[in-house]
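Observations on the three-dimensional arrangement
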Amino acid sequence: MDWHTILIISHIVGTVLGVGGATFAEIFYLKAIKDGEIDPTEGSFLKTTYFILRTGLVLLVLSGFSMLALKVSQGASGYLYNPILWAKLTITIIIATNALLLQAHAIPSWLGFSLSLTSWYAAMILGLWRSLDASYVAIMLFYIVWVLAVGFILERIRVWYIGNSRHTRV
Amino acid sequence: MTTFLIAHIVIGLIGVMASYAVLMGLLKKRLSLAFLKTAGFAAFLAYITSWVTGGYYYVLRYGPVVKPIIKDGGSPWAHAFFMEAKEHIFLFMPVLAFVLWVLFVAAGARIEKDARFKSAIIALASLVTALGIYVALSGVVISGAH
């Protein structure tokens with residue numbers, strides 16, 4: 001197996017862990033706050049999920065930059081000004097910064113969770129959609145609209161789910 | 001020579017991730033001094049190693065071969081701005097990372113007790129991480145210019 005294949009596999013595994021982790025973080029969090037408090041078991045599940053998310057991020061970044069280094073060493077440097085690549089780099093920085101802001105409680109939770117979920121899916125879609133012909137600005141504008149839309153939808157689901165569970169318990 | 005470039009990129013990236021881990025560790029409710037010391041030292045070690053491998057590549061390959069191609073090509077600003085900034089910022093990154101690590105070793109117990117001291121350390125760790133990200137992205141810009 002050559003280096004390129006190993007890096008591609010690592011990149012895909014990192015993305016899978018990130019997308020899966022972000023999805024389950026949202027589901028576990030929703031279930032955990034249903035009764036108004038996060039008990040130790042729920043906290044443990046969330047902690048494990050966040051660990052998986054961070055492992056995915058480390059794999060994604062390391063394999064991604066290693067692939068860039070490999071391409072540069074092979075003389076294929078034209079790819080480095082591709083708008084999709086820069087959109088992916090920007091979104092990866094947003095994922096990392098968002099994790100810090102969530103840790104510091106310096107961002108509204110609806111926006112933080114939406115940014116996490118949307119960014120991981122956006123990174124995956126941009127990685128797979130090779131034929132996408134769009135400028136950096138167009139991709140990022142679409143991404144911002146998507147973050148706000150997902151934030152709104154998640155908040156509606158949260159209100160509906162918690163409201164329903166409280167109604168059921170009464 | 002390619003090995004030095006790849007080592008410079010990957011080890012530098014490990015340094016940025018270690019700095020990020022330090023920042024994340026500082027923002028947690030319960031600080032783990034052992035984690036901060038380990039991550040802080042990993043960041044310092046990675047930056048100094050990336051600095052040496054990058055410097056070796058710069059002197060023997062980038063300066064005499066790559067730089068003239070970029071300056072005569074379609075994106076001379078990549079060297080004039082990004083490389084010039086990157087190479088000067090990189091000079092003090094291992095020093096900043098070393099200061100952070102020394103603070104954890106020598107004054108780690110004070111971080112939890114003194115909020116102002118903790119804020120100052122968080123600011124320093126944020127600066128190191130942000131500069132690390134800037135230097136890494138500048139590398140992508142420069143690599144794409146030739």
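Residues numbered from 1 in each chain as written. Chains lettered and ligands numbered in written order. Predicted model: local features only at pLDDT ≥ 70, side-chain atom pairs only at ≥ 80, totals over all residues. Heavy atoms only, no water.

As a further point, take the pattern of salt bridges. Residues and elements named next belong to chain A. Applying the stated criterion to the full structure yields three salt bridges over all chains. A salt bridge links R158 to E26; its shortest N-O distance comes to 2.6 Å. One end of the pair, R158, is in helix 5 (residues 136-169); the other, E26, is in helix 1 (residues 3-32), with 132 residues separating them in the sequence. You'll find R158 and E26 in the same group, each marked buried. Here E155 ties to R158 by a salt bridge, and the two come within 3.0 Å at their closest N and O atoms. Placement of both E155 and R158 in helix 5 is noted, with a separation of three residues, approximately one turn of the helix. Taking relative accessible area as the criterion, R158 reaches 7% and is therefore assigned buried. (Salt bridge = Lys/Arg side-chain N within 4 Å of Asp/Glu carboxyl O. Helix = DSSP H or I, 4+ residues; strand = E, 2+ residues; numbered from the N terminus. Buried < 20%, exposed > 50% of the residue type's maximum accessible area, 1.4 Å probe, protein only.)

On to the environment of W51 of chain B, then. Residue and element names in this part refer to chain B. The residue W51 is located in helix 2 (residues 33-72) in this model. Here W51 falls in the partly exposed class, since its relative accessible area comes to 36%. Taking the C-alpha atoms as reference points, W51 and E87, 36 residues apart in sequence, are found 9.3 Å from one another. Filtering out sequence-adjacent residues up to four positions away, W51 remains in contact with F90, L91 and P94. (Contact = heavy atoms within 4.5 Å.)

The interface of chain B with chain A comprises 26 residues on the first partner and 23 residues on the second. Buried area between chain B and chain A, both sides added, is near 2,100 Å², and the carbon and sulfur share of it is 81%. Three residues stand out in chain B for area buried against chain A, namely Y20, M24 and V140 of chain B, and they jointly supply 24% of the buried area on that side. Where chain B meets chain A, there are zero salt bridges. On the surface where chain B and chain A come into contact, there are two residue pairs in polar contact (both at pLDDT 80 or more). (Buried area = accessible area lost by both parts, 1.4 Å probe. Polar contact = N/O pair within 3.5 Å; in protein donor to acceptor, adjacent residues only side chain to side chain.)

Turning to the UniProt feature "transmembrane region" (unreviewed entry) in chain B, a few remarks are in order. All names here are of chain B. Those residues carrying the UniProt feature "transmembrane region" (unreviewed entry) are residues 6-27, 39-59, 89-109 and 121-145 in this numbering. Across residues 39-59, the secondary structure splits into 100% helix and 0% strand, with the terminal C-alpha atoms separated by 30 Å. Overall, residues 89-109 shows 100% helix and 0% strand. The separation of its end C-alpha atoms is 30 Å. (UniProt positions renumbered as here; feature names shortened; annotations may be inferred.)

The next thing to look at is the packing of helix 1 of chain A against helix 4 (residues 109-128) of chain A. Residues and elements named next belong to chain A. Relative to each other, helix 1 and helix 4 sit at 150 degrees, their axes nearing to 9 Å. With respect to their mutual orientation, helix 1 and helix 4 come out roughly antiparallel. Crossing handedness for the pair helix 1 and helix 4: left-handed. The segment helix 1 lies against helix 4, with G14, T15, G18, V19, A22, T23, E26 and Y29 engaging F113, S116, L117, W120, Y121 and M124. When its residues are assigned to classes, the contact of helix 1 with helix 4 shows eight nonpolar, five polar and one charged. (Axes fitted to C-alpha atoms, helices over the stretch in contact; angles between N-to-C directions. Parallel < 35°, antiparallel > 145°, perpendicular 65-115°, else oblique. Left-handed = near helix turned anticlockwise from the far one by under 90°. Nonpolar A, V, L, I, M, F, W, Y, C, P; charged D, E, K, R; others polar.)

In this section: the packing of helix 2 of chain B against helix 3 (residues 77-113) of chain B. Between two packed helices, both the angle of their axes relative to each other and the distance between the axes serve to describe the pair. Residues and elements named next belong to chain B. Between helix 2 and helix 3, the shortest axis-to-axis distance is 9 Å and the interhelical angle comes to 160 degrees. Here helix 2 lies roughly antiparallel to helix 3, going by the angle between them. The handedness of the crossing between helix 2 and helix 3 comes out as left-handed. Class assignment of the residues belonging to the contact of helix 2 with helix 3 gives a composition of 23 nonpolar, four polar and four charged.

Positive charge collects at one region of the surface, where K47 and R54 of chain A together with K28 and R30 of chain B lie side by side. Considering the arrangement of structural elements, one finds R54 of chain A in helix 2 (residues 40-73). (Patch = residues over 30% accessible without salt bridge, like charges linked within 9 Å, V, L, I, M, F, W, Y side chains within 5 Å. Areas by Shrake-Rupley, 256 points an atom, 1.4 Å probe, with all protein chains shown as cover. Lys, Arg positive; Asp, Glu negative; His and termini not counted. Charge placed at Lys NZ, Arg CZ, Asp CG, Glu CD.)

What follows is about the side chain of H8 of chain B. Among the secondary structure elements, H8 of chain B is positioned in helix 1 (residues 2-27). Every residue in contact with H8 of chain B, bar those within four places of it in the chain, is listed here: S50, T53, G54, K86 and F90 of chain B.

Here we come to the packing of aromatic side chains. Taken as a whole and judged by the stated rule, the model has 14 aromatic pairs over all chains. Judged by centre distance (5.0 Å) and plane angle (35 degrees), the ring pair of Y58 of chain B and Y62 of chain B falls under tilted. Taken together, the residues Y58 of chain B and Y62 of chain B, both in helix 2 and four residues apart, mark about one turn of the helix. On the basis of relative accessible area, Y62 of chain B is assigned to the buried category, the value being 3%. Aromatic ring contacts, followed pair by pair, group Y81 of chain A together with W77, F81, F82 and Y134 of chain B into a single cluster. The positively charged end of R110 of chain B is found above the aromatic ring belonging to F117 of chain B, 4.2 Å away from the centroid. (Phe/Tyr/Trp six-rings, centres within 6.5 Å; stacked < 30°, edge-to-face > 60°. Lys NZ or Arg CZ within 6 Å of the ring centre and 35° of its normal.)

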